[in-house]
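Understanding the architecture of this molecule
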Amino acid sequence: MPPEVEGTDPLNTDTGNPSANQVLAVVLTAYLMIVLDLSIVYTGLPEIGETMSLGPVGLTWVQNAYLLCFGGFLLLSARAGDLFGFKRMLLWGIALFAASSLIIGLAQTPVELIGARAVQGVGASMIAPSVLSLISAFFHEGEGRSRALAWYSMVAGAGASLGMVMGGIFAGTLSWRVGFLINVPIGLGLWLAANRALTHTPRGDGRLDVAGAITSTVGMVALVWGIVRTTDQGWTDPLVLAALTLAVLSIGLFLWIQARTKEPLLPLTIFASQVRSGAYAARMCFVGAVVSFFFFETQLMQQVLGFSPLQAGLGFLPMTVPTFFAALLVPRLTRAWGNAKLLCVALASMTVGMIWLSFAGEQTGYWAGIALPMVLLGLGNGGALGPLTVAGVTDVSGRNRGAASGAVNVAHQLGGSLGLSILATIFAAAYLPSLPQRMALEHQVSTAILSAGVLLALGLVIALVFIWPNEQRAAANRGSQ
């Protein structure tokens, strides 16, 4: 664990300072819970589809309901943390997350399942910005914060891959429901630990931007719903056009409100930095590609290669292990290469790995077609998240700490939701009825994975244009002083 931070932080005002290690252990465990639940569902999707009679497009909503509410309520939750205290938001989020997990585990209909996943996303939206804000507040900018964010990134990267393995174990040996029901005792224990270990943070002044919360959430939901609907109805469908029009109007109104309100959910000044703006855009490309990779590669392994859910879960280990070790090396590599160079190398590794993976199929086999490119994906996955997070919160004032943390998490969740929705549309469009079912699915997955590689390449270009040059200039200015 990172060493304790010396000195007193203004957030810890009750009965003294908890140790940095204690705070980090609690908040990262909370974050691990929501990261695991983001990916643990993937290897159980085929079983969920059979249980709930859901097709491939319907299954995307098992994940998109979670991602949409996660991303849609993040800005509101981040601002609420600034106003009501991050400990309170963390405790409320853990309680809501655990309760909705119980409903999911007992769900008998698609409506119950998807509705509870949406509520679970709201709980996750309370946890995520609280975790990142507490890290940013408790660890001073520099090596201490970089180490803490490296652990945060390791949880985000390795946790997602670990969720795939655990989901496969549960679905293959017990039931997909276990992956959700296990959150109930974990959530209870975590709530007690957080209540004991964390001090209450002071309440801020101001009010919640309710209008901004409504317009941003409506805009994002309409955008993703419209894109997903095109898989069945096409781009000329009246409801698709209506949804996309509503999305444009709502997002435009949200930005107009943010520019004029005194207490915005998303202060537009945080986008004044090219480094931060580039980090948010690159993160969306990165997460959209990774989420889509998990979703489609699970289908390839189980429905083309004939893997059981357990075998498919274990099949992600070539990505899980390198992710873990790469994340551990991030602080050392950052000192040697710099944040931006490490980010670009990591994204390049992932781009090569994803394009290589797009050739995987029944003829290439698992080891040559999937396991080896997964190693490149894992190394890049573990190496990219830390630099992206550091760049997303760099040079942020204390007043905008929650907003910047919220923007990082919004980019993360929105990137996953939009990326999966867009690639699901590409996946559906790639269907060739002239091919046998298994070969047609293999072609669809290959097309979707190749598109994920294009997303990663776009993220790399953004990092090369906006993040690396600005970091080089900043380093040169520090050297001349």
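Conventions we followed
- Residues numbered from 1 in each chain as written.
- Predicted model: local features only at pLDDT ≥ 70, side-chain atom pairs only at ≥ 80, totals over all residues.
- Heavy atoms only, no water.
- Helix = DSSP H or I, 4+ residues; strand = E, 2+ residues; numbered from the N terminus.
- Buried < 20%, exposed > 50% of the residue type's maximum accessible area, 1.4 Å probe, protein only.
- Axes fitted to C-alpha atoms, helices over the stretch in contact; angles between N-to-C directions.
- Left-handed = near helix turned anticlockwise from the far one by under 90°.
- Contact = heavy atoms within 4.5 Å.
- Nonpolar A, V, L, I, M, F, W, Y, C, P; charged D, E, K, R; others polar.
- Salt bridge = Lys/Arg side-chain N within 4 Å of Asp/Glu carboxyl O.
- Polar contact = N/O pair within 3.5 Å; in protein donor to acceptor, adjacent residues only side chain to side chain.
- Expected span 1.5 Å × (residues − 1).
- Phe/Tyr/Trp six-rings, centres within 6.5 Å; stacked < 30°, edge-to-face > 60°.
- Lys NZ or Arg CZ within 6 Å of the ring centre and 35° of its normal.
- Patch = residues over 30% accessible without salt bridge, like charges linked within 9 Å, V, L, I, M, F, W, Y side chains within 5 Å.
- Areas by Shrake-Rupley, 256 points an atom, 1.4 Å probe, with all protein chains shown as cover.
- Core = buried A, V, L, I, M, F, W, Y, C linked by side-chain atoms within 4.5 Å.
- pLDDT = per-residue confidence, 0-100.

What follows is about the overall build of the protein. Counting secondary structure elements, the protein contains 18 helices and zero strands. Of all 481 residues assigned to the protein, the portion counted as buried reaches 58%.

The next point concerns the packing of helix α14 (residues 317-337) against helix α15 (residues 339-357). Interhelical geometry of α14 versus α15 gives an angle of 115 degrees and a closest axis separation of 7 Å. Of the two elements, α14 crosses α15, and the hand of that crossing is right-handed. Where α14 abuts α15, its residues Val330, Leu333, Thr334 and Trp337 lie against Asn339, Lys341, Leu342 and Val345. Residues that form the contact of α14 with α15 fall into these classes: five nonpolar, two polar and one charged.

Turning to helix α4 (residues 74-84), a few remarks are in order. Count 3.6 residues to each turn of an α-helix, and residues three or four apart come out pointing the same way. Within α4, nine of the eleven residues are buried, which leaves the element mostly enclosed by the surrounding structure. Those residues of α4 lying buried are Leu74, Leu75, Ser77, Ala78, Arg79, Ala80, Gly81, Asp82 and Leu83. In the stretch just after α4, Gly85 is the one whose phi turns positive, near 105 degrees.

With a phi close to 55 degrees, Ser53 is a non-glycine residue in the positive phi region. Assignment of secondary structure puts Ser53 in the loop between α2 (45-52) and α3 (56-72).

Take the pattern of salt bridges next. Throughout the structure, instances matching the rule amount to one salt bridge. Linking Arg438 and Glu362 is a salt bridge whose minimum nitrogen-to-oxygen distance equals 3.3 Å. Placement of the pair is Arg438 in helix α18 (residues 437-480) and Glu362 in the loop between α15 and α16 (366-392), with a sequence separation of 76 residues. Judged by relative accessible area, Arg438 falls into the partly exposed class, the value being 40%. For Glu362, a relative accessible area of 39% puts it in the partly exposed group.

With that out of the way, let us pick up the side chain of Gln258. By the secondary structure assignment, Gln258 is in helix α11 (residues 238-260). Those residues in contact with Gln258 that sit more than four places away from it in its chain are Asp209, Gly212, Pro264, Leu265, Leu266 and Leu268.

What follows covers the environment of Arg260. With respect to the helices and strands, the residue Arg260 is situated in helix α11. Taking the relative accessible area as the measure of exposure, Arg260 reaches 53% and is therefore exposed. At 3.4 Å, the side chain of Arg260 and the backbone oxygen of Trp256 are in polar contact.

Turning our eyes to something else, we now look at helix α1 (residues 20-39). Its 20 residues place the ends of α1 28 Å apart at the C-alpha level, agreeing with the 28 Å of an ideal helix rising 1.5 Å per residue. Counting buried positions along α1 gives 15 out of 20 residues, so the element sits mostly inside the fold.

On to the environment of Leu347. By the secondary structure assignment, Leu347 is in helix α15. For the pair Leu347 and Leu385, spaced 38 residues apart in sequence, the C-alpha separation works out to 9.8 Å. Apart from residues no more than four positions distant in its own chain, Leu347 is found in contact with Phe286, Ala384, Gly459, Leu460 and Ala463.

Applying the stated criterion across every chain yields a total of ten aromatic pairs. Ring centres of Phe307 and Tyr366 lie 5.8 Å apart, and the angle between their planes is 50 degrees; on these two criteria the pair is classed as tilted. Residue Phe307 is found in the loop between α12 (274-304) and α13 (309-314), and its partner Tyr366 is found in helix α16; the two are separated by 59 residues along the sequence. The exposure class of Tyr366 is buried, given its relative accessible area of 13%. Of the aromatic side chains, those joined through ring pairs into one cluster are Phe293, Phe294 and Phe316. The ring centre of Tyr66 lies 4.4 Å from the NZ or CZ of Arg117, which sits over that ring.

A surface patch of nonpolar side chains, amounting to about 560 Å² of accessible area, comprises Ile169, Leu314, Leu317, Val321, Phe324, Phe325 and Leu328. Top contributing element to the nonpolar patch by residue count: α14, with five residues. With respect to the element layout, Leu314 can be found in helix α13.

Core analysis: the biggest nonpolar cluster contains 128 residues, and Ile135, Phe286 and Phe293 have the highest contact counts within it. By residue number, the principal contributor to this core is α12, which donates 17 residues. If we ignore the near neighbours within four places in the chain, the residues touching Phe293 are Thr298, Phe316, Met319, Met354, Leu357, Met374, Leu377 and Ile449. By size, the runner-up hydrophobic cluster in this structure holds seven residues, among which are Ala65, Ala80, Met89 and Met126.

Further remarks concern the confidence of the model for the protein. Of all residues in the protein, 90% attain a pLDDT of 70 or more, and the chain-wide mean is 83. Helix α7 (residues 143-173) is the least confidently modelled element of the protein, averaging 75 in pLDDT, while α15 averages 96, the highest of any element. Note on residues 1-17: pLDDT is under 50 here. Beyond four places in sequence and across chains, it has 42 contacts.

This brings us to the side chain of Ser77. Mapping Ser77 onto the fold places it in helix α4. Owing to a relative accessible area of 7%, Ser77 belongs among the buried residues under this scheme. Within polar-contact distance, the side chain of Ser77 engages the side chain of Ser125 at 3.0 Å. Filtering out sequence-adjacent residues up to four positions away, Ser77 remains in contact with Met89, Ser125, Met126 and Pro129.

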